[in-house]
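Here is what each chain is made of, one letter per residue.
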Amino acid sequence: MSNSGLRVLIIGGYGTFGGRITRLLADEPGLTLVIAGRSAAKAAAFCAALAQRGGATVLSPLAFDRDGDLTAQLAALAATAPPDVVIDATGPFQVYGDAPYRVVQACLELGLPYLDLADSADFVTGIAAFDDAARARGVPLLSGVSTFPALTAAAVRHLTQGWTAVTGVSIGVAPTPRAVVGANVLRAITSYAGKPVRLRRDGAWTRARALTETRRRTIAPPGALPLRNTRFALVEVPDLQAMPRLWPDLRDIWVGAGTRPESVHRVMTALAWLVRLRLVPSLLPLAPLFHWGAGVFRWGEHRGGLVVEVTGRDADGQPASRSWHLAAEGDDGPEIPALPAAALIRRWLAGHAPAPGARAATDLELADFDALFAGRAIRAGVRDAAEAVGPVFRQVIGADAWSRQPAVWRALHGAEAGTPAVWRGRATVTRGRSPLARLAALLVGFPATGADVPVSVTLTRAPEGGERWVRDFGGRRFASRLDAGQGRNAHMVVERFGPAAYAQALVSEDGAVRLILRRWTLLGLPLPLWLAPRSDATETAEPTPNGERFRFDVRISHPLAGLIVHYRGWLAPC
């Protein structure tokens, strides 16, 4: 690092991923970012636009041809304003031709530290061939400084602290359907779709076909709104080869991507089967079509996420299973692949440069991402398989979020199995007046309109799981059964009123827990949400001179019926 700070050359600096890294580091004192690309005009325009936002980072445009004489270009730069780090943010690394490590070799020759965002398993693991030379020159050459394997390896390490063995890893990434997908990303995916991918399975190295194997998972950070249950397809990423080297006991590893909308995902899977069946040699010629489609088929929630599941043996040698979930809202989702590079540069600025050597970028810890997550709409947390017992709400919201809730909330939702818990209080009830609202209230048994109505709730948790709630408003009773959801309802509370079942997420925010409807079925048949009753339910704790009491506010309506019922009030244990 130079006396004036850290000078970072980003090749492809105004492209999709290079631009994201630049924006993430745009306010770092002591940092100079050299934005390099084939077009000096585009580099200058990018720097000018970003400079208008302010920020402490110095931005400098540079014309740089990755396909030109790299050693000459880097040597010329080193003679005038030598970079302390070179980041290759171009790609796709899967199709770099006969000399894929040209940038690596040029940096090594000149003694320049090197990072890249490669997502090719062969490229990332192959960089180890330069390890001896890199150590001799005293420079780090790190490949895969992106979601895979930098962030995922940090998650596995965090989940398995103290474990005696890691035997299984399963990962799913679900990009937001509204992300701007670069052409190089689609070229990479289409280059390996339907082709053999090397991975560990049942304790042996084998091959599986990319995009033709699928699994379903729900990404659900504790206390946050889960992503909708997602269909993932096997992808070729560095983790498949890098993680077995980090955890020698690893018997199984699987990594999938969940493209949305799901209809597009199914089309991609079907086309990958054409390659698997040798009906077509490759989908690479279709990359431009996929790139066009990525800009057209963009419906669905503007949210993305990542789940990392691990199995193994804990400190006592007992079977263990945990998972780390991340959900990112809106435009913060597409920033995730660039966060590891930003985190690594921040560590570098703080005086913690990576050790010399050439290797996959698995140096970071989850704590290195805390500051980057905190400034964005990103929620992350851990779930433990041991939590899948006990009270329904504790299973669904997760132990970490459960522990953050008020004691009175945990007391109401933490009833002991087999022993009914009775809570009493007062409520105000407003009933809808439309004929459909009256009919719905009659069928369920909702109470009549009234103020200061005595209310009691009896909760009974069955030893085998599930809870029965009986609500009594001034003598008018109605009941429901609550279970922790499974399958497509995973990590949600499923409440059943007769033939109808409603899957609700538990979202902890601003001192309250909200129940948000995500799926519903009638007679076991899934139905579209626009046909479902609207439920706006909030639970909080209310301080009183005698301590806290449980407060509820539930409003149920329907687009055709209007308001059905609205009841709000308080409860205290008997």
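Notes on the structure in this doc start here. (Residues numbered from 1 in each chain as written. Predicted model: local features only at pLDDT ≥ 70, side-chain atom pairs only at ≥ 80, totals over all residues. Heavy atoms only, no water.)

1. So, the sheet that holds strand β2 (residues 31-37)
Remark on secondary structure: sheet strands pair via backbone hydrogen bonds, oriented parallel or antiparallel.
Thinking step 1. The seven strands are arranged β3-β2-β1-β4-β5-β6-β15 in an open sheet whose pairing can be described as parallel. Two strands in the sheet have a free side with no partner beyond their single neighbour: β3 (58-63) and β15 (357-360). Ignoring strand direction, the axes of neighbouring strands in this sheet form an average angle of 15 degrees.
Thinking step 2. Where strand β6 (residues 140-143) and β15 come together, four bridges link them in parallel fashion. Each residue of the ladder has a partner; that of Ser-143, found in β15, is Ala-360. (Pairing = 2+ DSSP bridges. Helix = DSSP H or I, 4+ residues; strand = E, 2+ residues; numbered from the N terminus. Axes fitted to C-alpha atoms, helices over the stretch in contact; angles between N-to-C directions.)

2. Overview of the side chain of His-558
Thinking step 1. The residue His-558 is located in strand β26 (residues 547-558) in this model.
Thinking step 2. A distance of 3.1 Å separates the side chain of His-558 from the backbone nitrogen of Leu-560, its partner in a polar contact.
Thinking step 3. If we ignore the near neighbours within four places in the chain, the residues touching His-558 are Leu-531, Ala-532, Pro-533 and Ile-564. (Polar contact = N/O pair within 3.5 Å; in protein donor to acceptor, adjacent residues only side chain to side chain. Contact = heavy atoms within 4.5 Å.)

3. Remarks on the packing of helix α8 (residues 183-192) against helix α11 (residues 287-294)
Thinking step 1. In the contact formed by α8 and α11, the axes pass within 9 Å of each other and the chain directions differ by 125 degrees. The orientation of α8 with respect to α11, classified from their angle, is oblique. The hand of the α8/α11 crossing is right-handed. Contact with α8, carried on its side by Ala-183, Leu-186, Arg-187 and Thr-190, involves Ala-287, Phe-290 and His-291 of α11 and no other residues of that element.
Thinking step 2. Looking at the contact of α8 with α11 residue by residue, the class counts come to four nonpolar, two polar and one charged. (Parallel < 35°, antiparallel > 145°, perpendicular 65-115°, else oblique. Left-handed = near helix turned anticlockwise from the far one by under 90°. Nonpolar A, V, L, I, M, F, W, Y, C, P; charged D, E, K, R; others polar.)

4. Points about the pattern of salt bridges
Thinking step 1. Enumeration according to the criterion identifies 25 salt bridges in this entry.
Thinking step 2. Between Arg-66 and Asp-88 there is a salt bridge; the shortest N-O distance is 3.0 Å. Of this pair, Arg-66 sits in the loop between β3 and α3 (70-80) while Asp-88 is found in strand β4 (residues 85-88), placing the two residues 22 residues apart along the sequence.
Thinking step 3. We note a salt bridge from Arg-135 to Asp-131, for which the minimum N-O separation is 2.9 Å. You can see Arg-135 and its partner Asp-131 sitting in helix α6 (residues 131-137), four residues apart, about one turn around the helix.
Thinking step 4. Its relative accessible area of 53% is what places Arg-135 among the exposed residues.
Thinking step 5. Of the residues examined, Asp-131 reaches a relative accessible area of 17% and is grouped as buried.
Thinking step 6. Here the salt bridges do not stand alone but share partners, grouping Arg-228, Glu-301, Arg-303, Glu-329 and Arg-518 into one network. (Salt bridge = Lys/Arg side-chain N within 4 Å of Asp/Glu carboxyl O. Buried < 20%, exposed > 50% of the residue type's maximum accessible area, 1.4 Å probe, protein only.)

5. Digging into the pairing of β26
Thinking step 1. Here strand β25 (residues 534-544) runs beside β26; their pairing, made up of eleven bridges, is antiparallel. Opposite Ala-541, over in β26, you have Phe-550 as the bridge partner.
Thinking step 2. Hairpin connection between β25 and β26: a loop of two residues separates the two successive antiparallel strands.
Thinking step 3. Relative to strand β27 (residues 562-573), β26 runs antiparallel, the two being bridged by nine bridges. Directly across from Arg-555, in β27, lies its bridge partner His-566.
Thinking step 4. Hairpin connection of β26 to β27: three residues between the antiparallel strands.

Just geometry here; none of it tells us what the structure is for.
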